[in-house]
Amino acid sequence: MLGAQETVSTEGNNCSASVQSTPDIEKKYVHRVYDAIAPHFSSTRFAKWPKVAGFLNSLRLGSVILDAGCGNGKYLGFNPDCLFIGCDISPPLIEICAGRGHEVLVADAVNLPYRDNFGDAAISIAVLHHLSTDARRRKAIEELIRVVRKGGLVLITVWAVEQEDKSLLNKWTPLCEKYNEEWVDPSSPPVRNQSTTVLESISETDEDTGAVRQRNDNLKRSNDGLDDNADVTCSNSSNIDEHHKTQQEYFVPWHLPFHRAEISGASAAALENGFAKRDDRKGTVVYNRYYHVFVEGELQRLVAGINNAVVVDQFYDKSNWCIVLEKL
Amino acid sequence: MRLLTHNMLASNARGAVTGYPLKLQVVKWSTKEAEPNPEFLRGMLPKIDWPALVAATQSLGLPELLPEAAPTDAELSAEGAAADEGSALRRLHRALLEIHIEEGTLVCPDTDRCFPISRGVPNMLLHEDEVRN
């Protein structure tokens, strides 16, 4: 499918990494986290985002809709006149979908196990921001286009740097871009200076933030504001330009309530090896999720190099950048 | 896993030429009846790789279910909503949507790599050394 690419080198040079090998930062701070939090995460994923709903309802009767990165299956079956096939990399999330009777499989959005041109439409809702390199994000878009028929539509939504609630970014942990090349190397930490302060807790940022915030009474945002050391993770850079570059790489915390953590079982091990932290004040186990949040125009830039699809719609909605592509 | 999904799945592992169609080795399967939608099935027909669908039904021990040659759209639309059990439309519906593979294995025709189906869910994830360069 792809042209020849080099495998990941032991030096962990980002440029030579195979697009399809999963970088360590995604294994640790995306896959493992979602596996551990799946039922709790699923319980917060109920609100149907109007723009996605509108897209799905616009598709003709009998369409086969492929949801790549379907999570808990929130959108599967949304349009009863269409047939949805969902996939996600997290087996616990897929199990939740299957339990609801959906047609699903475990698969990698960067390498969809589908033959070409089968779907009438594809959706990628809040998925690409969990991919840690430009090449992987582009590959995932190419896959979405590949698997739909000529004339088929693809809807992609991703978290925006330009959050409607700007104070949220202050609550996330920025990751030093200098360490981009180390993310494929299992032995390197992504953050140069481990902050000694506790991560600020935030209420869950969902596409539909209003509904979720009301639900998460116990996880209200702290009023403590910025730490004195808030910028310690990137402050040691001697390169002046680093300060002007927009920060796009973050850890975003997920608070898993203790009773949920016990059910999951994975949290005991995670706490022991430092992969997650306890927040006794909130009664939660805190996991970090890796995000590459998108800047305005970035989706368009990724698509510009793809010659068998055109942009038919693009918009910003509720702190997400969104794009609709049509396969040529 | 329905056979409609099976008709779409392909192995993307290193060494696979097309990785399609995946051979089906079934341990357990079931039927879940559903109301057929003729328009839906007519829309589905052009997508289907007919030999792969027939081969899948044969793996299940249902060689009589589908004809060797795909029905035409004209045939399906002529039968319409009044189609009886033996009609091309009902057979297509049964094959694509009512059969559910619960436990089994999908095998790549090029490399013999096996993908498990467990509790109705295929797992198509590759190991690090199987990912294409």
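The shown structure was predicted, so the numbers you read here are calculated from the model rather than taken from an experiment. (Residues numbered from 1 in each chain as written. Chains lettered and ligands numbered in written order. Predicted model: local features only at pLDDT ≥ 70, side-chain atom pairs only at ≥ 80, totals over all residues. Heavy atoms only, no water.)

Looking now at the overall build of chain B. Of regular secondary structure, chain B possesses 5 helices and 4 strands. Reading chain B from its N terminus to its C terminus gives the helix and strand order α-β-α-α-α-α-β-β-β. In terms of overall dimensions, chain B is globule-like: its C-alpha atoms have a radius of gyration of 16 Å, near the 14 Å expected for 133 residues. Structurally, chain B occupies a C-alpha span of about 50 × 25 × 20 Å along its principal axes. Taken across its 133 residues, chain B has 51% of its residues classed as buried. Here the contacts in chain B between residues at least 6 apart in sequence split such that 67% fall between residues at least 24 apart. Counting every atom, chain B has about 6,100 Å² of accessible surface; 50% of that belongs to carbon and sulfur. Taking the 13 positively charged and 19 negatively charged side chains of chain B as two groups, their mean positions are separated by 5 Å. (Helix = DSSP H or I, 4+ residues; strand = E, 2+ residues; numbered from the N terminus. Rg over C-alpha atoms; globule rule 2.2 N^0.38 Å. Buried < 20%, exposed > 50% of the residue type's maximum accessible area, 1.4 Å probe, protein only. Contact = heavy atoms within 4.5 Å. Areas by Shrake-Rupley, 256 points an atom, 1.4 Å probe, with all protein chains shown as cover. Lys, Arg positive; Asp, Glu negative; His and termini not counted. Charge placed at Lys NZ, Arg CZ, Asp CG, Glu CD.)

Where a strand is regular, its side chains alternate between the two sheet faces. Residues and elements named next belong to chain A. Sheet topology note: the strand S10 (residues 309-317)/strand S11 (residues 320-327) ladder contains 8 bridges and is antiparallel. Counted as the bridge partner of valine 310 is glutamate 326 from S11. The hairpin formed by S10 and S11 contains 2 residues between the paired strands, and lysine 318 there has a positive phi angle of roughly 50°. (Pairing = 2+ DSSP bridges.)

Mapped onto the present numbering, the UniProt feature "domain: Methyltransferase type" (unreviewed entry) falls on residues 66-156 of chain A. Structurally, residues 66-156 of chain A comprises 24% helix and 31% strand, and the distance from its first C-alpha atom to its last is 12 Å. (UniProt positions renumbered as here; feature names shortened; annotations may be inferred.)

Turning our eyes to something else, we now look at the environment of Lys28(A). Examined against the element boundaries, Lys28(A) turns out to sit in helix H1 (residues 24-44). C-alpha separation for the pair Lys28(A) and Asn288(A), spaced 260 residues apart in sequence, amounts to 9.0 Å.

Turning our eyes to something else, we now look at the sheet that holds strand S3 (residues 114-118) of chain B. All names here are of chain B. Strands sit in the order S1-S2-S3-S4 across an open sheet of 4 strands; the sheet is antiparallel. Two strands bound the open sheet, and with one partner strand each, they are strand S1 (23-31) and strand S4 (121-122). The pairing of S1 with strand S2 (residues 99-107) spans 8 bridges and is classified as antiparallel. In the sheet register, lysine 28 faces S2, and the bridge partner there is glutamate 103. Those strands touched by helix H5 (residues 88-98) are S1 and S2, and its axis lies near 65° from that of S2. (Axes fitted to C-alpha atoms, helices over the stretch in contact; angles between N-to-C directions.)

Turning next to the sheet that holds strand S7 (residues 249-257) of chain A. Residues and elements named next belong to chain A. Here 4 strands make up an open sheet; going across it, the order is S6-S7-S9-S8 and the pairing antiparallel. Strands at the two margins of the open sheet, each flanked by one partner only, are strand S6 (173-174) and strand S8 (277-279). Where S6 meets S7, 2 bridges bridge the pair, whose relative direction is antiparallel. Within S7, the position partnered with proline 174 by the bridge is tyrosine 250. Against the sheet, H1 makes contact with S7 and strand S9 (284-292), and its axis sits at roughly 120° relative to S9, the strand it touches most.

All names here are of chain A. Inspection of the entire model under this criterion finds 9 aromatic pairs over all chains. A centroid spacing of 5.8 Å and a plane angle of 45° characterise the contact between tyrosine 29 and phenylalanine 275, whose relative ring orientation is tilted. Linking tyrosine 29 in helix H1 with phenylalanine 275 in the loop between helix H9 (266-272) and S8, this pair joins segments that are 246 residues apart in sequence. A relative accessible area of 16% means that tyrosine 29 is categorised as buried. A centroid spacing of 4.8 Å and a plane angle of 65° characterise the contact between tyrosine 316 and tryptophan 321, whose relative ring orientation is edge-to-face. A relative accessible area of 29% means that tyrosine 316 is categorised as partly exposed. A relative accessible area of 14% places tryptophan 321 in the buried class. By the ring-pair criterion, three or more aromatic residues cluster together here, those being Tyr29, Phe251, Phe275 and Tyr287. Sitting over the ring of phenylalanine 275, arginine 32 keeps its end group 5.3 Å from the ring centre. (Phe/Tyr/Trp six-rings, centres within 6.5 Å; stacked < 30°, edge-to-face > 60°. Lys NZ or Arg CZ within 6 Å of the ring centre and 35° of its normal.)

Listed by partner, the interface residues are 29 residues for chain B and 36 residues for chain A. Approximately 2,700 Å² of surface area, both sides summed, lies buried where chain B meets chain A, with 60% of it carried by carbon and sulfur atoms. Seen at the junction of chain B and chain A, the total is 4 salt bridges. At the boundary of chain B with chain A, the tally comes to 13 residue pairs in polar contact (both at pLDDT 80 or more). If you tally residues by element for the side of chain B that touches chain A, the top one is helix H1 (residues 3-8) of chain B, at 4 residues. Looking at the side of chain B that touches chain A residue by residue, the classes come out as 16 nonpolar, 6 polar and 7 charged. (Buried area = accessible area lost by both parts, 1.4 Å probe. Salt bridge = Lys/Arg side-chain N within 4 Å of Asp/Glu carboxyl O. Polar contact = N/O pair within 3.5 Å; in protein donor to acceptor, adjacent residues only side chain to side chain. Nonpolar A, V, L, I, M, F, W, Y, C, P; charged D, E, K, R; others polar.)

In this section: the packing of H1(A) against helix H3 (residues 91-99) of chain A. Residue and element names in this part refer to chain A. For the pair H1 and H3, the least separation of the axes is 7 Å and the interaxial angle reads 35°. For the pair formed by H1 and H3, the contact residues are Tyr34, Asp35, Ala38, Pro39, Phe41 and Ser42 on the first element and Pro91, Pro92, Leu93 and Ile96 on the second. Here the residues of the contact of H1 with H3 are counted per class, giving 8 nonpolar, 1 polar and 1 charged.

Within the element layout of this structure, Thr284(A) appears in strand S9. A distance of 2.8 Å separates a polar atom in the side chain of Thr284(A) from a polar atom in the side chain of His255(A).

Another point: unusual backbone geometry. Put simply, Tyr20(B) and Pro21(B) share a cis peptide bond, and its omega is -10°. Position of Pro21(B) relative to the elements: it lies in the loop between H1 and S1. For Ala126(A), which is not glycine, the phi dihedral falls at a positive 55°. Inspection of the secondary structure assignment puts Ala126(A) in the loop between strand S4 (119-125) and helix H4 (134-146). Judged by its relative accessible area of 18%, Ala126(A) is buried. Backbone geometry at Asp112(B) places phi at a positive 65°, although glycine is not the residue there. Of note, Asp112(B) is situated in the loop between S2 and S3. A residue is classified by how much of its surface remains accessible, and Asp112(B), at 48% relative accessible area, is partly exposed.

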